[in-house]
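A structural walkthrough
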Amino acid sequence: MIFTDSLRKNHEFQSVFKSGKSYANKLFVMYVSKNQLEGNRIGISVSKKVGNSVVRHRVKRLVKESYRLHEEMFNSGLDIVVIGRNNAASATFRETESALLHLMKLHGAIK
């Protein structure tokens, strides 16, 4: 991801949860808040309820790749947290990509 860093610390996730706005669809819940940086930061969280470690990691990889392919379309200066739901475990790449773009459109984060 060229323009994007990762959210890694718990306090970074918590600040997005507190100050961000959330939208959801059947695969993901997405929180977005503004940051003071020129690039975006993205964090992906998938609970153990979704599946074992192989399934959770697959969901994370699908979200990262979907984001990476459309990275130029998104506004900059955002902190984004994507939370995977149970239906994401069986989703294909195209469904993941469509769900991610749908949520970004709802947030108004697409140029």
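Refer to the structure presented above.
A brief report on the enclosed structure follows.

Basis of the calculations
Along each chain, residues carry numbers from 1 onward, in the same order as the chain's sequence is written. Given that this is a predicted model, residues contribute local features only at a pLDDT of at least 70 and side-chain atom pairs are listed and counted only at 80 or more, while totals for whole chains, interfaces and linings are drawn from all residues. Only hydrogens and water are set aside when side-chain values are computed; all heavy atoms of the structure are taken into account. Stacked, tilted and edge-to-face pairs are distinguished by plane angle, under 30 degrees for stacked and over 60 for edge-to-face with tilted covering the rest, among Phe, Tyr and Trp rings (Trp via its six-membered ring) whose centres lie within 6.5 Å. Each helix is a run of H or I in the DSSP string that is no shorter than four residues. Each strand is a run of E no shorter than two, and both are numbered from the N terminus. Whether two residues are in contact is decided by their heavy atoms: any pair within 4.5 Å suffices. Salt bridge, as used here, is a side-chain nitrogen of Lys or Arg placed within 4 Å of a carboxyl oxygen of Asp or Glu. For each residue, the accessible area found with a 1.4 Å probe, counting protein chains only, is set against the maximum for its type, and the residue is called buried under 20%, exposed over 50%, and partly exposed in between.

Moving on, we get to the packing of aromatic side chains. Here the structure, examined in full by the defined rule, presents two aromatic pairs. With 4.8 Å between their ring centres and 75° between their planes, F17 and Y31 make a pair best called edge-to-face. Remark: Y31 occurs in strand β3 (residues 28-34) and F17 occurs in helix α1 (residues 10-19); sequence separation between them is 14 residues.

Bringing the environment of S66 into the picture now. Here S66 lies in helix α2 (residues 53-69). Residues within four places of S66 in sequence aside, it is in contact with F93, T96, E97 and L100.

Moving on: the pattern of salt bridges. Counted under the stated rule, the structure contains four salt bridges. Its salt-bridge partner being R68, residue E65 comes within 2.7 Å of it at the nearest N-O pair. In this pair, E65 and R68 are both assigned in helix α2, three residues apart and thus about one turn of the helix distant. Accessibility expressed as a relative area gives 37% for R68, which makes it partly exposed.

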